[in-house]
Amino acid sequence: MSLGSIVFTVIVLFPLPAWVLSLFTATKMGEDKGVEEPRSRGDKGDGESIQNPVLDESKLRRAMARLYIQNSDAPWHTLNTQNYANLRSLSVIGFILIVGWLLVSRYAYLCPWLTGVSLAIASGLLVRRFLLEIEWKLAASSVLAAIAQSDTNTPDQLIEQVTRLLYEYNQADAAIALRQLDQVTAQSLVSFPPTALPDKLTTPKLFAEALTHNRTLFYANYPATPKAAPVLVAKGTQSLAVLPLRKEQTTQEQGAILLLWYRQTYLPSYQRHFLDLLLGELHTLLRLQTTAFRLEQLQARYNAILEIPQGVVFVDISGGQGWLNPAGAKLLGLKQGEAEPSAIAQAMATLRSSADNQQEIAKQGAQLFSQPDAEIHDWIWTFSQPKSVVLSISSLPTYGQDIQGRLWLFNDITEKYLAQQALAERTTQLETANEQLETVNDALRFTQFSIDRAADAIFWIGQDGKLLYVNYAACRLLGYPLNDLLSMKIHQIDANFTAQSWSEHWQILKQCGSLSLESYHRSKTGKRIPVEVRISYLEFNGKEYNCAFVRDIAERKQAEKALRWEQEKADRLLLNILPKPIAERLKQETCLIADRFADVTILFADIVGFTDISARMPPAQLVFLLNQIFSRFDQLTEKHGLEKIKTIGDAYMIASGIPTPRKDHAEAMLEMALDMQIAIARFNQFQDENFCLRIGINSGPVIAGVIGTKKFIYDLWGDAVNTASRMESHGIPDKIQVTETTSKLCQDKFLFEKRGQIQIKGKGKMTTYLFIGRK
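In what follows, the accompanying structure is described. These numbers were taken from a predicted model, which means no experiment stands behind them.

## Observations concerning the sheet that holds strand β16 (residues 528-540)
On the basis of which strands lie adjacent, the open sheet formed by 5 strands has the order β14-β13-β17-β16-β15 and antiparallel pairing. Where the open sheet ends on each side, the last strands, each with one partner, are β14 (467-470) and β15 (514-522). Pairs of neighbouring strands in the sheet enclose a mean axial angle of 30°, with direction left out of account. Here 3 bridges tie strand β13 (residues 457-461) to β14, and the two strands are oriented antiparallel to one another. Across the sheet, I461 pairs through a bridge with L467, a residue of β14. The strands touched by helix α16 (residues 501-512) are β13, β15, β16 and β17 (543-552); relative to β17, the strand with the most contacts, the crossing angle is about 95°.

## Details of the pairing of strand β18 (residues 594-607)
Successive residues of a regular strand alternate their side chains across the two faces of the sheet. The pairing of β18 with strand β21 (residues 693-707) spans 12 bridges and is classified as antiparallel. When the sheet's bridge partners are listed, L603 is paired in β21 with I697.

## Things to note about the sheet that holds strand β4 (residues 217-219)
Taking strand neighbours across the sheet as the criterion, the 6 strands line up as β3-β2-β1-β6-β5-β4 in an open arrangement whose pairing is antiparallel. The sheet terminates laterally at β3 (201-202) and β4, the two strands that pair on one side only. Packing against the sheet, helix α6 (residues 155-169) makes contact with β1 (174-180), β2 (186-192), β5 (239-246) and β6 (254-261), and its axis sits at approximately 50° to β2.

## Remarks on unusual backbone geometry
Along the chain, Q385 connects to P386 via a cis peptide bond; the corresponding omega equals 0°. Within the secondary structure layout, P386 lies in the loop between β10 (376-383) and β11 (389-400). Here I658 and P659 are connected by a cis peptide whose omega angle stands at -10°. If you check the backbone angles, N214 has positive phi at about 55° while not being a glycine. Relative to the helices and strands, N214 is located in the loop between α7 (208-213) and β4. The phi torsion at D688 lies on the positive side, around 55°, for a residue other than glycine. Counting through the fold element by element, D688 comes out in the loop between α21 (665-687) and β21. Relative accessible area serves as the criterion here: at 70%, D688 is assigned to the exposed category.

## Describing the environment of S536
Mapped onto the elements of the fold, S536 is located in strand β16. A relative accessible area of 28% places S536 in the partly exposed class. Setting aside residues up to four positions removed in sequence, S536 forms contacts with L509, G513, S514, Y545, N546 and C547.

## A look at the nonpolar core
Of all hydrophobic cores here, the largest spans 37 residues; its most connected members are L603, F633, M676, I695 and I697. Of all the elements in the fold, those that place two or more residues in this core are β18, α19 (610-616), α20 (619-639), β20 (651-656), α21, β21, β23 (736-739) and β25 (764-774). The element that contributes the greatest number of residues to this core is α21, accounting for 11 residues. Counting 28 residues, the second-largest nonpolar core is a separate cluster that includes Y167, A172, A175 and F218.

What counts, and at which threshold
Residues numbered from 1 in each chain as written. Predicted model: local features only at pLDDT ≥ 70, side-chain atom pairs only at ≥ 80, totals over all residues. Heavy atoms only, no water. Pairing = 2+ DSSP bridges. Helix = DSSP H or I, 4+ residues; strand = E, 2+ residues; numbered from the N terminus. Axes fitted to C-alpha atoms, helices over the stretch in contact; angles between N-to-C directions. Contact = heavy atoms within 4.5 Å. Buried < 20%, exposed > 50% of the residue type's maximum accessible area, 1.4 Å probe, protein only. Core = buried A, V, L, I, M, F, W, Y, C linked by side-chain atoms within 4.5 Å.

Okay, structure coming up:
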């Protein structure tokens, strides 16, 4: 008896080999009978699927799901699995009892022992199958309760939750939820693990058959299926379950949940029943969520309709709850939504008592409510406190779903009402104005008299350019009789306009409103008369006009011409004193002009022995010769783009790099020095004189500015200027002496001879160079 109890306990609580369990399943055993169960992701080692028979409920479910591994190529809906399993179970149990009876008949001494063992095996198998079915039903109930009580807000979140539960409870290697986008594309909503599909987009052929049959399909040997998807086979899928998803029978939105096993897996009937229950609950919840979503949309639209600026109040005649929209609640000082009829009546009485026209309201109300079902329209209530408000009130009886009531509409017509009052006041004002019109006509006649005799010529011109009105001054200016001018167009007297350009001018004037311009008018004798024209665009009585005031400016033009000539003369004189940029600044600026320049080259040139020459030469001849020499130097200065600073006696000072900076300031100055020597040599040749120059050059920073208030002079200051002067005064006649700074700037293009160190006044010993010429 104790051996039978042990056998019974082992069979009921511990896992059995797949070939034993297959005897109690609905799938026919074939060539794979007795195949060793591969380890799933939850196994820790060989033979470690279930070690403890008292595991908690979730672990027990997962362990049971790993026990049933058997090959089957047919979808489960093609077999009557429950009946087949029951028949097979009874056959196996009967077989065990017959074998036990035969052994007892042959070996009588083993009768008690064999009888107990046989009964223990048979009863254990039956009890085990019964318990497993109960366990999976409990698991289904637990999962369905968890789904029903979840706080998922959207269908996608619900599908994700169910997919995760299916993935965990069925110990699948992957689970994918798909949604069909169109006939050729499906999108992955969620997948466990995320890499279950290589791409978010795939083909709806993966679940097309399940949608067609509208039931769950299971493929135990998926690679052998004729329509096996390459993308799933490439991932190593051996078994596949397809659960179709369709929110409603009439909707286009559909998809499926795929459960993938990377090993051949068998699902017993009660586990498949678990999947069917879960899928059915998912369909129900999706339909409920769709319905709830539509109700929310309807509620939102209803609320949007009631968010109108007009107040809406409903009163139930039978004494039920009334209702107010936000505008009506604000107007009556109540909360929006439901309200007691007594509260609504009290609020409306309070509102009526604060109206300014209470007597009119009472009188109109007596007439309006003479009949119970009367419709009320345009019942006016006016208020001045706390602000000016005018309400137009309407009231309609309502009947719907056995609820009788009255609907009140409060429309704020303050602006319209005030506009009507203003219109009435305006009408009164216009009537008063008409009485004053005769007085105004007298003023208009006087105005017309004044315009006709104005000193300036006045023209009224139409859109086509025709002269519509001219005053007497216009006739005198152009020499035409009045009737002749009124038959002409503007382009016949104004030189700036042609028949084609007048339309363009009209559009410009229409945009601007007014213009001022100078032009020339042709008189009857052909004389061109300079005029100043002030034009305005006007509309009167639906017609457009161009009003032009014209003034003869011939005398002013002559005065302006004389003024321009004097101005040009003054500008030329100023340019002889100052550089052009400095002269322009001096005309525009009133402040002191002073600038710092970092790179400038200065040249000083002096006629050697000028004192002796001036002693032996008459003054007029001396000045004549100096003028010829310095005039030639002025030409060379302009040629090389240099700036003449000043002359002091027989000394000539030039600067390069001011007032406009230039990179080749030193090179330009050396070219100038060479040309000065050539110029003085030619002068000696033509004048039979023996003048020679002593030239000194230096480069460096200077300050340049204008000094003086009456006799302007543009001058330079700085150590570089003093050093250039010393180069000239300590130089050699007929030579060009430069500082070391200048020689370094130009050593790539010019030849220099080192003079050595010489004593320079105020500077001490300095190394100087003699400029030889170009390389």
